[in-house]
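Results of the structural survey
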Amino acid sequence: MGSERTEIRKRQMAATPESPGAAQAQLSTGNRGSNACCFCWCCCCSCSCLTVRNQEEERARRTSHELQAEGIPNCEESSAPTLEEVNAWAQSFDKLMLTPAGRNAFREFLRTEFSEENMLFWMACEELKQESNKSVIEEKARLIYEDYISILSPKEVSLDSRVREVINRNMLEPSQHTFDDAQLQIYTLMHRDSYPRFMNSAIYKDLLQSLSEKSIEA
């Protein structure tokens, strides 16, 4: 009799479903296990959250690199400088800036000092002065402002407040001479600050030595 009761009780317990609380606990545990990375600091290699985050960071780095590469114009076309021309660069900054070869060499040096934007801005102003079409002038002036004057630009040039106020007034009605004051200030900055270091740089000395050796061989 006792053994029959025991057997019946075992069958009833086996047939009785799990309580709602236990089922909910098991479900909660299962969900947390399948997506543990969202609730704890883990280093799961298969974590989808980390994968998405890494993909976004990589895409941001790639986009930044591509924009930076696209934003750097190519150097001016020019023939190889002569020894006389390179020697003339040491006579004055004006002679250095007078020829495309001189500007290219100086621009290469500025790139090593992370100040290439000064030359790019100066060249953009020179290009603006050659325009006569009003709509083209307005468009180029807007681009110059966004690229080199705006405080939000990574290529912003260093200008004092007076010159910035002049530019802001000029931008109300852009012309070929909208940035004349700013261009002169940047030209003076390159002359006084960067030009002396360029003359003592390996870029200039190596070029001068190479041309001198070729002249002797000839």
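Check the entry above for the structure.
Residue numbers run consecutively from 1 along every chain, following the written order of its sequence. Owing to the predicted nature of the model, reporting of local features is limited to residues with pLDDT of at least 70; listing and counting of side-chain atom pairs is limited to 80 or more, with chain, interface and lining totals taken over all residues. Water and hydrogen atoms play no part in the side-chain values, which are based on all heavy atoms of the structure.

Right, let's get into the overall build of the protein chain. Helix numbering and strand numbering both begin at the N terminus, where a helix is a DSSP run of H or I of at least 4 residues and a strand a DSSP run of E of at least 2. Tallying secondary structure elements over the protein chain gives 11 helices and zero strands in all. Evaluated residue by residue, the protein chain yields a buried proportion of 26% over its 218 residues. Considering only contacts within the protein chain whose residues lie at least 6 apart along the sequence, 58% involve residues at least 24 apart. The Shrake-Rupley method, run with a 1.4 Å probe sphere, supplies the accessible areas, and residue values consider only the shown protein chains as cover. When the accessible surface of the protein chain is split by element, carbon and sulfur atoms take 54% of a total near 15000 Å². Partly exposed residues are those whose accessible area sits between 20% and 50% of the maximum for their type, while under 20% is buried and over 50% is exposed, using a 1.4 Å probe and protein chains only. Contacts are residue-level and defined by heavy atoms, with any inter-residue pair within 4.5 Å sufficient.

Grouped together as the largest cluster of nonpolar side chains are 37 residues, with contacts concentrated most on F106, F121, F179, M190 and F198. Counting residues per element, the ones that place at least two in this core are α4 (83–89), α5 (93–98), α6 (100–112), α7 (116–129), α8 (134–149), α9 (161–170), α10 (180–199) and α11 (202–217). With residues up to four places along the chain from it excluded, the contact list for F106 reads F93, L96, M97, M119, M190, S194, Y195 and F198. Residues belong to a common nonpolar core when they are buried Ala, Val, Leu, Ile, Met, Phe, Trp, Tyr or Cys residues joined through side-chain atoms within 4.5 Å.

Between α7 and α10, the least distance of the axes is 10 Å, while the angle of their chain directions is 140°. Taken together, α7 and α10 sit at an angle that is classed as oblique. Crossing hand, α7 versus α10: left-handed. The residues of α10 that touch α7, namely those facing N118, M119, F121, W122, C125, E126 and K129, are D180, A182, Q183, I186, Y187, L189 and M190. Polarity classes work like this: nonpolar for Ala, Val, Leu, Ile, Met, Phe, Trp, Tyr, Cys and Pro, charged for Asp, Glu, Lys and Arg, and polar for all others, with Gly in that last group. Taken together, the residues of the contact of α7 with α10 sort by class into nine nonpolar, two polar and three charged. Axis definition: a line fit to C-alpha positions, over the contact stretch in the case of helices; interaxial angles, taken between N-to-C directions, run 0 to 180 degrees. Small angles under 35 degrees read as roughly parallel and large ones over 145 as roughly antiparallel, with 65 to 115 read as roughly perpendicular and the rest as oblique. Two helices crossing with the near one rotated counterclockwise from the far one by less than a right angle form a left-handed crossing, whereas a clockwise rotation gives a right-handed crossing.

Within the secondary structure layout, R192 lies in helix α10. You can call R192 exposed: its relative accessible area is 68%. Residues R192 and F93 lie 99 residues apart in sequence; the distance between their C-alpha atoms is 9.2 Å.

What follows deals with the packing of aromatic side chains. Stacked, edge-to-face and tilted are the three classes for Phe, Tyr and Trp ring pairs, Trp counted by its six-membered ring, which pair at centre distances within 6.5 Å; planes under 30 degrees apart are stacked, over 60 edge-to-face, the rest tilted. Inspection of every chain in the model, using the stated rule, returns 11 aromatic pairs. Arranged with centres 5.5 Å apart and planes meeting at 80°, the rings of F106 and F198 form a pair that is edge-to-face. Of this pair, F106 sits in helix α6 while F198 sits in helix α10, and the two are 92 residues apart along the sequence. Taken as a pair, F106 and F198 share a single burial class, namely buried. Grouped by ring-pair contacts, the aromatic residues W89, F93, F106, F109, W122, Y187, Y195, F198 and Y204 constitute a single cluster.

Let us look at the pattern of salt bridges. Each salt bridge in this description consists of a side-chain nitrogen of Lys or Arg and a carboxyl oxygen of Asp or Glu lying within 4 Å of one another. Applying the stated criterion across every chain yields a total of 12 salt bridges. Of the charged contacts, one joins K134 and E138 as a salt bridge, the two residues approaching to 2.5 Å between their closest N and O atoms. Taken together, the residues K134 and E138, both in helix α8 and four residues apart, mark about one turn of the helix. On the basis of relative accessible area, E138 is assigned to the partly exposed category, the value being 33%. Ionic pairing is found between R164 and E156, a salt bridge with its closest N-O pair at 2.5 Å.

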